[in-house]
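Chain and residue survey
Spelled out, the chains give:
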Amino acid sequence: SVDARTDVYSLGASLFALLTGRRPFERRSLVETLHAVIHDPPPFPRALDATISRGLEAVVLTCLKKAPAERYPSMRAL
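Below: a short report on this structure. (Residues numbered from 1 in each chain as written. Predicted model: local features only at pLDDT ≥ 70, side-chain atom pairs only at ≥ 80, totals over all residues. Heavy atoms only, no water.)

A closer look at the side chain of T20
Counting through the fold element by element, T20 comes out in helix α1 (residues 4-20). Of the residues examined, T20 reaches a relative accessible area of 17% and is grouped as buried. A polar contact is formed between the side chain of T20 and the backbone oxygen of F16, at a distance of 2.7 Å. (Helix = DSSP H or I, 4+ residues; strand = E, 2+ residues; numbered from the N terminus. Buried < 20%, exposed > 50% of the residue type's maximum accessible area, 1.4 Å probe, protein only. Polar contact = N/O pair within 3.5 Å; in protein donor to acceptor, adjacent residues only side chain to side chain.)

Structural notes on the environment of L64
Within the element layout of this structure, L64 appears in the segment after α4 (54-63). In sequence terms L64 and F16 are 48 residues apart; their C-alpha atoms lie 9.2 Å from each other. The residues contacting L64, other than those within four sequence positions of it, are Y9, G12, A13, F16, P24 and P42. (Contact = heavy atoms within 4.5 Å.)

Read these as spatial facts, not as claims about activity.
Written out as structure tokens, the structure is:
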């Protein structure tokens, strides 16, 4: 279902792209990308840019959790 945690995920993906210069799930085709979004964990932002703080990396990765219940429940909580 769609709720505030969907927006949290979207913000996490945007933050990931802003911090690293690439999307969290870049694959050769749309089908491969959608499969990765559903099944694969995102890469650690620090693996792409070591200057990103561990705290900010943790925030981004929490936003990108697959299970909505594991994300921040709202933007206010984030």
